[in-house]
Amino acid sequence: MSTVNLVTPDWLDTGNNSWQLTAASLVALQSVPGLCLLYAGLVKKKWAINSMFMVFYAFAMVLVVWTILGYEAAFGVKMLPFVGVPKPVLAMNMQLTQSTLPSANLSQNFPLSTMVYFQF
């Protein structure tokens, strides 16, 4: 049986990474059911299930738009004083690099994929 040598980058702090993922997951687990209950309570009883599914669809679409355009527009290289150049952050070579915020000249000790999920 051969041994696999898994190498982690020097900048990666597994504690920071796991906390960011845990915090983002807890917020997501609260947000979707909370919005479902809120909007289901605002409509008639027979439309409650429909409004809950619309919350799930909206949550999924916002995630897609966030990864395609939103993250780089919010945290990327600035095009205007208040918005950056929108571009996708879906490439694997981008997702596994160290997370940086160019506008603040700041880098974190976790991958960009964690930052994209946390800021969503």
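**Let's talk about the overall build of the chain**
Consideration 1: Broken down by element type, the chain carries 4 helices and 2 strands.
Consideration 2: Going from N to C terminus, the chain has its helices and strands arranged as α-α-α-β-β-α.
Consideration 3: A compact globule built from 120 residues would reach a C-alpha radius of gyration of about 14 Å, whereas the chain, at 18 Å, exceeds it by more than 25%.
Consideration 4: Dimensions of the chain along its principal axes, counting C-alpha atoms only, are 55 × 50 × 20 Å.
Consideration 5: Looking at the chain residue by residue over its 120 residues, the buried ones come to 24%.

**Topic: the environment of Val89**
Consideration 1: Topologically, Val89 is positioned in the loop between α2 (48–75) and α3 (92–95).
Consideration 2: Assessed through its relative accessible area of 1%, Val89 is described here as buried.
Consideration 3: When the C-alpha atoms of Val89 and Val7 are compared, they prove to be 24 Å apart, with 82 residues separating the residues in sequence.
Consideration 4: Ignoring anything within four residues of it in the chain, the contact list for Val89 reads Thr67, Tyr71, Glu72, Met94, Gln95 and Val116.

**A look at the packing of aromatic side chains**
Consideration 1: Scanning the entire structure with this criterion turns up 6 aromatic pairs.
Consideration 2: Between Phe59 and Phe120 the ring centres are 5.2 Å apart and the planes differ by 70°, which places this aromatic pair in the edge-to-face class. Placement of the pair is Phe59 in helix α2 and Phe120 in the segment after α4 (112–119), with a sequence separation of 61 residues.
Consideration 3: Under the relative-accessibility criterion, Phe59 is labelled partly exposed at 27%.
Consideration 4: Put simply, the rings of Phe53, Phe56 and Tyr57 touch in pairs and so form one group of aromatic residues.

**What about the pairing of strand β1 (residues 98–101)?**
Remark: a regular strand shows side chains that alternate across the two faces of the sheet.
Consideration 1: Residues of β1 alternate between two faces, with Ser99 and Leu101 buried on one and Gln98 and Thr100 left unburied on the opposite face.
Consideration 2: Two strands pair when backbone bridges link them, and β1 and strand β2 (residues 106–111) are joined in this way by 3 bridges, in the antiparallel orientation. Looking at β2, one finds that Leu101 is bridged to Leu106.
Consideration 3: Taking the residues that link successive antiparallel strands as the turn, the β1-β2 hairpin has 4 residues, and the phi of Asn105 there is positive, at about 55°.

**Quick notes on a nonpolar patch on the surface**
Consideration 1: Taken together, the side chains of Leu35, Leu38, Tyr39, Leu42, Val43 and Trp47 present a nonpolar region at the surface, about 570 Å² in accessible area.
Consideration 2: Its location among the elements puts Leu35 in helix α1 (residues 14–42).

The rules we used
Residues numbered from 1 in each chain as written. Predicted model: local features only at pLDDT ≥ 70, side-chain atom pairs only at ≥ 80, totals over all residues. Heavy atoms only, no water. Helix = DSSP H or I, 4+ residues; strand = E, 2+ residues; numbered from the N terminus. Rg over C-alpha atoms; globule rule 2.2 N^0.38 Å. Buried < 20%, exposed > 50% of the residue type's maximum accessible area, 1.4 Å probe, protein only. Contact = heavy atoms within 4.5 Å. Phe/Tyr/Trp six-rings, centres within 6.5 Å; stacked < 30°, edge-to-face > 60°. Pairing = 2+ DSSP bridges. Patch = residues over 30% accessible without salt bridge, like charges linked within 9 Å, V, L, I, M, F, W, Y side chains within 5 Å. Areas by Shrake-Rupley, 256 points an atom, 1.4 Å probe, with all protein chains shown as cover. Salt bridge = Lys/Arg side-chain N within 4 Å of Asp/Glu carboxyl O.

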